[in-house]
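Close look at the chain arrangement
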Amino acid sequence: MAAPALPVPLLQSGAVQAVLEGYYLQDASTPAIASGDQATSEIDGETKAEPPIPFPLPTKPVPLPVDKPTKSFWTHSPGANEFAREGAEGELVRDADVVVIGSGLTGISAAYHLAKKLGETLGEGEGKRVVVLEARDFCSGATGRNGGHLFPNPFFGFLKRQALYGTEAAIKTIEIEQYTMREVFRILHDTNTAAEADLVEDGRITLLVTPQEEELARADYEAAKQAGVPDIEFVKWIDRETMAKIRGTAHPGVWAPSGNLWPLKLVAQLYKLAKASSSVEVSVHTHTPATAVHSNDGARRYTVETPRGPIQCDYVVHATNGYTNYLVDPKTTNVRVVPTRGQVIAVPADVGTEKMGTNAWTANERYEYWFPRPVKEVGERPLIILGGAREVAKPNFGFYETDDGIIDDEVGSVLRKFLPSLFPKLFDNDTKPIWEWTGIMGFTATGNPYVGRLPAPDSAPSHQYIAAGYTGHGMPRTYACAEVVAGWIAADIVGTEWTAPSWFPRHYEWNRQ
């Protein structure tokens, strides 16, 4: 089977990364990567450190989210968002121990972990209060607008991370994602909500559409295998002939464990669990954007300003991902998260899952990603959630685009052609999407999220924390990164020493970026 031409440009990762780094200007006084974590190269027998990724300087101001975003399948299907306007009206909670800004998977996971950790350590009568602020509807940011994949990276990019951070740290970048997937599966099964969240645990196939992509993937796999990466034995390679015979596409691929689900419903379940705490009061105020954070000299350390009035608190968690730099000053914190617009469509397949399978997919250096939604009956045509095609959103590939209230017509046109070009017998060029939407992700030049305690104006540690900048790979990292931040805060509240979890890559910490 000959491979038909794809409607997207191939091998674009270098060009996309170059544009992303083009927003970052050199500042020799502030290294972007800790000296012990820099990549090295050997030239004529001499080992030399590669130059660090330069510190970012401001390019465009980051605004609050737009008032009228496009409608996503996840958030606007009838009855989907039971907490859409949670706390939008009535009395504002004016005093809290912790204010979390953002009600996506990071923010609600932080509230869940705080409720759990503090509930395990607080004595009777020592109750605490956590308030989550959201600018729009509940979970209306990236989590409510993504592709629905819970895919822990099994080995892709391992050689690069191994060179930059060492073998142990490279392994931890995989372990944190495996931990997240296991925990999400456990929570949904323990609460009997796996079916409600449409959880499917059938793995994901990565199609390798160029020889260069396959060669690099196999090199990463062998390095990860040699390093002893956990669960690498579950990875299965599928050759071109087998893929053509059983799946009807002319490209080789590799299968790895993963899941897909309804992201909003996972977040809603975590919120319910957090609210059930007997010792920590958790509440959400939607349509209540945080517009400023000020230090206080009074009983509480901070004032968080909102259009509905101020909230006094001792700790602040920034969980706004692509909108991070609306409140977090990149000049004083060295944190730069580049807002990046992605686009997704929901389109019916022309065959049932008995022919196309139930697993998730990705292709073209993982720039395109899709999966069939669960069906109720044999032979029912599934709805396919497909995202990607940023490669055609030139010249900036969606970087510094903050308006998720509009659709990019060129990206949408390519998405419509993509699956028919890969699976000509499963998809028809004339099939129209039922849904189409955009969302704002948060990218960093290193690809690593910022996790940890932000600096105070005098460079001393503050009591503001961050977990943001997941670079389009948030679902398998947000829950765990929020757990790190929540654990740090909980330890500070009860007066114990915080210890990093064994699976946490320490180079994710803010001051090692």
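Reading guide: rules and limits
Residues numbered from 1 in each chain as written. Predicted model: local features only at pLDDT ≥ 70, side-chain atom pairs only at ≥ 80, totals over all residues. Heavy atoms only, no water. Helix = DSSP H or I, 4+ residues; strand = E, 2+ residues; numbered from the N terminus. Rg over C-alpha atoms; globule rule 2.2 N^0.38 Å. Contact = heavy atoms within 4.5 Å. Buried < 20%, exposed > 50% of the residue type's maximum accessible area, 1.4 Å probe, protein only. Pairing = 2+ DSSP bridges. Axes fitted to C-alpha atoms, helices over the stretch in contact; angles between N-to-C directions.

For the chain, an unreviewed UniProt entry supplies the name FAD dependent oxidoreductase-domain-containing protein and the organism Ephemerocybe angulata.

Comments concerning the overall build of the chain
What the chain contains, in helices and strands, is twelve helices and 21 strands. Computed over the C-alpha atoms, the radius of gyration of the chain is 22 Å, within 12% of the 24 Å expected from 2.2 N^0.38 for a compact globule of 513 residues. The principal-axis extents of the C-alpha atoms in the chain amount to approximately 70 × 65 × 40 Å. Intrachain contacts of the chain at a sequence separation of at least 6 include 77% that bridge at least 24 residues.

Re unusual backbone geometry
Lys394 connects to Pro395 through a cis peptide bond whose omega is 10°. Topologically, Pro395 is positioned in the loop between β18 (383–387) and α11 (409–422). Phi is positive for Cys139, which is not a glycine, with a value near 55°. As for its position among the elements, Cys139 is in the loop between β4 (128–133) and β5 (149–150). On the basis of relative accessibility, which here comes to 1%, the residue Cys139 falls in the buried class.

Thoughts on the sheet that holds strand β12 (residues 302–305)
The sheet built from three strands is open, its strands ordered β11-β12-β13 with antiparallel pairing. Edge positions in the open sheet fall to β11 (292–295) and β13 (311–313), since each of these has one partner strand only. The average undirected angle you get between the axes of adjacent strands in this sheet is 25°. Where β12 and β13 come together, three bridges link them in antiparallel fashion. Across the sheet, the residue bridging to Val304 is Ile311, located in β13.

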